[in-house]
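Okay, here's what each chain looks like letter by letter:
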Amino acid sequence: MPSLLSLYINNKAGGLIFHRDFSSAAAKLDINEHLTLASTFNGLAMIMRQLSPVPGSSGMELLEADSFVLQSFDTVTGLKFFVTAEPESKHLDAVLKDVYMLYSDYVLKNPFYELDMPIHCERFIQKLMKLADDYNKRG
Amino acid sequence: QKAETEMSAVRLNRAGDTAFAKVEKVSSELFSLTYGAVVMQVIKDYEEVDATNAQLEKMGYNIGVRLVDEFLAKAQVSACQSFQDTAEVIAKVGFKMFLGVNAEVVKTTGDEFTLQLSDNPLAEFVELPEQYAKLEYSGMLCGVLRGALEMVQMRVTCTLVRDVLWGDDVTEIRVVLQEMLNEEYHDDED
């Protein structure tokens, strides 16, 4: 079954607040490269929405490349969740919705977590790894 | 037109019930006691009613900004088309999901609405003594609404306008839209 590669979460300002690799096949980048790429992606997504030939189109949701797919989800509150996965991966939109639910529980309900700041919540990461594991097994 | 609104009220009620069923529950007595302990402590710390009211509202705001993502992630509601839609979603789905109560939307105009609660789990066993007659006991709810709506780009003022604790028949919160906050992409050169 094609597996998940990486998850990124951007805050309202377009800055990366969370990143996780789920596979050894994920792109090998250092932290600064992740930060730059995530912010760049935010800019690109904004441009893509403006370039869309269809009026009132939503932002970019799915990108299919030869060696990976990327699914993106914007929350009404301004966060961006996006995941990369091996080609032929399905139901990535459901994965992102599940991650959003995990975020709303294990990140936001932790009173010590400061909004829009980098996420270091252990239980969020544990639940996320389990989610990824289940996905990779089932596909 | 009327059939349409009734249909969507049914849909919202169902969404509220579904969301309520999904979330974990806690004893409502424990909830009332905990909230009461919070209010008493704030009164003790701030000593006078106006400051207490302000602090309760502020605490509510801090809850609201965190609560809204859970609402959006877990409740099956589609994007609101108008401020009135927002009112209905808050009343039928939001209040149901988080407080287990049904709220009514009354007295609506383009930029304002009032939420009416016949049941208020926060103040179940409360009676306000004379010196706290002006206490907005459930003022935290106003803060929650203000915080939640701000996260979805609406700046509002929320006020507790009637309260059973004040001798009124119902508890009412008035929500007034002040400003839609639109974040726009600005070039660095600007």
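Report on the accompanying structure. Worth saying up front: this structure is predicted, and the values here are computed from it rather than measured.

1. Quick word on the overall build of chain B
Step number 1: Helix and strand counts for chain B come out as 5 helices and 4 strands.
Step number 2: Each helix and strand of chain B, placed in order from N terminus to C terminus, yields the pattern α-α-α-α-β-β-α-β-β.
Step number 3: Over its C-alpha atoms chain B spans a radius of gyration of 17 Å, differing by no more than 12% from the 16 Å that the globule rule assigns to 190 residues.
Step number 4: Dimensions along the principal axes, computed over C-alpha positions, put chain B at roughly 50 × 50 × 30 Å.
Step number 5: When the 190 residues of chain B are sorted by exposure, 43% land in the buried category.
Step number 6: In chain B, the share of contacts with a sequence separation of at least 24, taken over all contacts with a separation of at least 6, comes to 60%.
Step number 7: Put simply, chain B shows about 10800 Å² of open surface, and 51% of that area lies on carbon and sulfur atoms.
Step number 8: Looking at chain B, you have 17 positive and 34 negative side-chain charges, and the mean spots of the two groups are 6 Å apart.

2. Considering unusual backbone geometry
Step number 1: Phi is positive for Glu88 of chain A, close to 75 degrees, though the residue is something other than glycine.
Step number 2: Non-glycine residue Gln153 of chain B carries a positive phi angle of around 70 degrees.
Step number 3: Along the chain, the position of Gln153 of chain B falls in the loop between helix H5 (139–151) and strand S3 (154–162).

3. What about the packing of helix H2 (residues 92–107) of chain A against helix H3 (residues 49–74) of chain B?
Step number 1: Following both chains from N to C, one finds H2 of chain A and H3 of chain B inclined at 150 degrees, their axes separated by 9 Å at the closest point. Judged by the angle between their axes, H2 of chain A and H3 of chain B are roughly antiparallel. The chirality of how H2 of chain A crosses H3 of chain B is left-handed. Contacts between H2 of chain A and H3 of chain B involve Tyr100, Met101, Tyr103, Ser104, Asp105 and Val107 of chain A from the former and Arg66, Asp69, Glu70, Leu72, Ala73 and Lys74 of chain B from the latter.
Step number 2: Looking at the contact of H2 of chain A with H3 of chain B residue by residue, the class counts come to 6 nonpolar, 1 polar and 5 charged.

4. So, empty space enclosed by the protein
The probe, sized like a water molecule, is rolled over the atoms to show the empty space still left.
Step number 1: Counted according to the given criterion, the structure contains 2 cavities of 30 Å³ or more.
Step number 2: Estimated volume of the largest cavity: approximately 40 Å³.
Step number 3: Along its surface, the largest cavity is lined by Lys12, Thr77, Leu79, Tyr103, Leu115 and Asp116 of chain A together with Val65, Asp69 and Met151 of chain B.
Step number 4: In the lining of the largest cavity, the residues fall into 5 nonpolar, 1 polar and 3 charged.
Step number 5: Counted as a void, the second largest cavity has a volume near 30 Å³.
Step number 6: Lining the second largest cavity, in full, are Leu4, Leu7, Phe22, Val83, Val95, Val99, Leu128, Leu131 and Ala132 of chain A.
Step number 7: Counting residues per element, the ones that place at least two in the lining of the second largest cavity are strand S1 (4–10), H2 and helix H3 (122–138) of chain A.
Step number 8: Split into classes, the residues belonging to the lining of the second largest cavity amount to 9 nonpolar, no polar and no charged.

Rules used throughout
Residues numbered from 1 in each chain as written. Chains lettered and ligands numbered in written order. Predicted model: local features only at pLDDT ≥ 70, side-chain atom pairs only at ≥ 80, totals over all residues. Heavy atoms only, no water. Helix = DSSP H or I, 4+ residues; strand = E, 2+ residues; numbered from the N terminus. Rg over C-alpha atoms; globule rule 2.2 N^0.38 Å. Buried < 20%, exposed > 50% of the residue type's maximum accessible area, 1.4 Å probe, protein only. Contact = heavy atoms within 4.5 Å. Areas by Shrake-Rupley, 256 points an atom, 1.4 Å probe, with all protein chains shown as cover. Lys, Arg positive; Asp, Glu negative; His and termini not counted. Charge placed at Lys NZ, Arg CZ, Asp CG, Glu CD. Axes fitted to C-alpha atoms, helices over the stretch in contact; angles between N-to-C directions. Parallel < 35°, antiparallel > 145°, perpendicular 65-115°, else oblique. Left-handed = near helix turned anticlockwise from the far one by under 90°. Nonpolar A, V, L, I, M, F, W, Y, C, P; charged D, E, K, R; others polar. 1 Å grid on protein atoms, 1.4 Å probe; cavity = no way out; pocket = protein on both sides within 12 Å on 5 of 7 lines; lining within 4 Å. Points joined across faces, edges and corners; volume = space filled by probe spheres on them.

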